[in-house]
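Below, each chain spelled out in residue letters.
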Amino acid sequence: MPKRSSSLERARNQEVTLEILPLNAFQSFRCFMHDYPTLGARYCVHTEYEIHLIRKGSGHYKIGGKIGKFKAGQVSIVGSRVPHDWVSDLRKNQVLRNRDVVIQFSREWLEKVSKTIPEITDFESLLNQAQRAIIFHGPSSEQAEAILENISQCSGIEQVMKLLEILLIMSRPYRDWE
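These figures come from a predicted structure and were not determined experimentally. Throughout, a residue's number is its position along its own chain's written sequence, starting from 1. In keeping with the predicted nature of the model, local features appear solely for residues at pLDDT of at least 70, side-chain atom pairs appear and are counted solely at 80 or more, and the whole-chain, interface and lining totals rest on all residues. Only hydrogens and water are removed before side-chain values are computed, so all heavy atoms of the structure are retained for them.

### Quick word on the packing of helix H4 (residues 138–151) against helix H5 (residues 156–171)
In this analysis an axis means a line fitted to C-alpha atoms, helices contributing only their contacting stretch, and an angle means the value between N-to-C directions, from 0 to 180 degrees. Secondary structure elements are taken from DSSP: a helix is a run of H or I of four residues or more, a strand is a run of E of two residues or more, and numbering for both begins at the N terminus. Look at H4 against H5: their axes get within 9 Å of each other, and the N-to-C directions meet at 165°. With respect to each other, H4 and H5 are oriented roughly antiparallel. Between H4 and H5 lies a crossing whose hand is left-handed. Along its contact with H4, which presents Ser 140, Gln 143, Ala 144, Ile 147, Leu 148 and Ile 151, the element H5 presents Gln 159, Lys 162, Leu 163, Glu 165, Ile 166 and Ile 169. Looking at the contact of H4 with H5 residue by residue, the class counts come to seven nonpolar, three polar and two charged. In this scheme, roughly parallel covers angles under 35 degrees and roughly antiparallel covers those over 145, while 65 to 115 is roughly perpendicular and the rest are oblique. For any pair of crossing helices, the crossing counts as left-handed if the nearer helix is rotated counterclockwise from the farther one by less than a right angle, and right-handed if it is rotated clockwise. By definition, residues are in contact when any of their heavy atoms lie within 4.5 Å. Residue polarity is assigned by list, with Asp, Glu, Lys and Arg as charged and Ala, Val, Leu, Ile, Met, Phe, Trp, Tyr, Cys and Pro as nonpolar; anything else, Gly included, falls into the polar class.

In structure tokens, the structure reads:
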């Protein structure tokens, strides 16, 4: 029986896939959980920014050209057009249910909001730095994780407020991220 490749080998050998995300006229951004493995969990690139929480498991991430280890609780933000994936170490036939919480939003949406709420431009530096991807640690990660764990249970303006709260946490100068 052939040996299953490690998450590191699988992360290294992936080809990037262009992902076109469908627009929804009734939502400003996408917020969802997904299992691993699943068709949507692959090395992909899209124009939206992505906030990502790993809820379960461990393995290796590949973000841009960087490969590193992840474990449950990792919170990150990945910039527009930055290829990314998180490859879990699994036993044969294992599925991690609701492994990830994912939020995807466009910079254009925030720019439109900033025309009415100029304070939104406070997130500009975060979005620029996210082009290299940011993985959070310490207080920033813990605070964002707590909100991400529950954001999918919210809807409407409450969900928008939660996203803005996460962006605020991520934009604070804690410097507890890489």
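More follows now that the structure is in view.
### Thoughts on the environment of Glu 124
Looking at where Glu 124 falls in the secondary structure, it is placed in helix H3 (residues 124–129). Along the backbone, Glu 124 and Arg 107 are 17 residues apart, and their C-alpha atoms lie at a distance of 9.2 Å.

### Quick notes on the nonpolar core
Buried residues of nine kinds, namely Ala, Val, Leu, Ile, Met, Phe, Trp, Tyr and Cys, make up a nonpolar core once their side-chain atoms join them within 4.5 Å. Exposure is judged per residue with a 1.4 Å probe applied to protein chains only, and the accessible area is read against the type maximum: over 50% gives exposed, under 20% gives buried, and values in between give partly exposed. The biggest cluster of nonpolar side chains holds 29 residues, and the ones touching the most others in it are Ile 51, Ile 77, Ile 103, Phe 105, Leu 148, Ile 166 and Leu 167. Sorting the residues of this core by element identifies strand S4 (49–54), strand S7 (75–78), strand S9 (96–105), helix H2 (107–116), H3, strand S10 (134–136), H4 and H5 as the ones contributing at least two each. The leading source of residues in this core is H5, at six residues. Excluding its chain neighbours within four sequence positions, the residues that come into contact with Ile 51 are Ser 76, Ile 77, Val 101, Val 102, Ile 103, Phe 105, Leu 148, Leu 163, Ile 166, Leu 167 and Met 170. Core analysis: the next-biggest nonpolar cluster, separate from the first, contains nine residues, Ile 63, Phe 70, Val 82 and Ile 135 among them.

### Observations concerning H2
When we look at burial in H2, the residues that qualify are Arg 107, Trp 109, Leu 110 and Ser 114. The arc that holds every buried residue of H2, seen down its axis, measures 155°, which confines them to one face. Exposed residues on H2 whose side chains face more than 90 degrees from its buried face are Lys 112, Lys 115 and Thr 116. Where H2 is buried, its residues contact S4, S9, H3 and H5. Within this analysis, the arc is defined by the directions that extend from the helix axis to the C-beta atoms.

### Examining the packing of aromatic side chains
Pairing of aromatic side chains here covers Phe, Tyr and the six-membered ring of Trp, requires ring centres within 6.5 Å, and sorts the geometry by plane angle: under 30 degrees stacked, over 60 edge-to-face, intermediate tilted. Considering all chains together, one arrives at two aromatic pairs under this definition. Between Phe 29 and Trp 109, the aromatic rings sit 5.8 Å apart at their centres with planes inclined by 50°, giving tilted as the arrangement. With Phe 29 in the loop between strand S1 (17–18) and strand S2 (30–36) and Trp 109 in helix H2, this residue pair connects regions lying 80 residues apart in the sequence. Judged by its relative accessible area of 5%, Phe 29 is buried.

### Side note on the pattern of salt bridges
The salt bridge definition used is simple: a Lys or Arg side-chain nitrogen within 4 Å of an Asp or Glu carboxyl oxygen. For the coordinates displayed, the defined rule picks out five salt bridges. In this structure, Arg 55 engages Glu 149 in a salt bridge whose closest nitrogen and oxygen atoms are separated by 3.0 Å. Within this pair, whereas Arg 55 is found in the loop between S4 and strand S5 (58–63), its partner Glu 149 is found in helix H4, the two being separated by 94 residues in sequence. A salt bridge links Glu 111 to Arg 107; the nearest nitrogen and oxygen atoms lie 3.9 Å apart. With Glu 111 and Arg 107 both in helix H2 and four residues apart, this pair spans about one turn of that helix. The partly exposed category is assigned to Glu 111, whose relative accessible area is 37%. A relative accessible area of 14% means that Arg 107 is categorised as buried.

### Side note on the side chain of His 52
Note that His 52 resides in strand S4. Its relative accessible area of 3% is what places His 52 among the buried residues.

### Things to note about the sheet that holds S10
What makes two strands pair is DSSP finding at least two bridges between them. The five strands lie next to each other as S2-S9-S4-S7-S10, forming an open sheet whose pairing is antiparallel. Two strands bound the open sheet, and with one partner strand each, they are S2 and S10. For this sheet, the mean inter-axis angle between neighbouring strands, taken without regard to orientation, is 20°. Two elements, S4 and S7, share four bridges in a ladder whose sense is antiparallel. Across the sheet, the residue bridging to Leu 53 is Val 75, located in S7.

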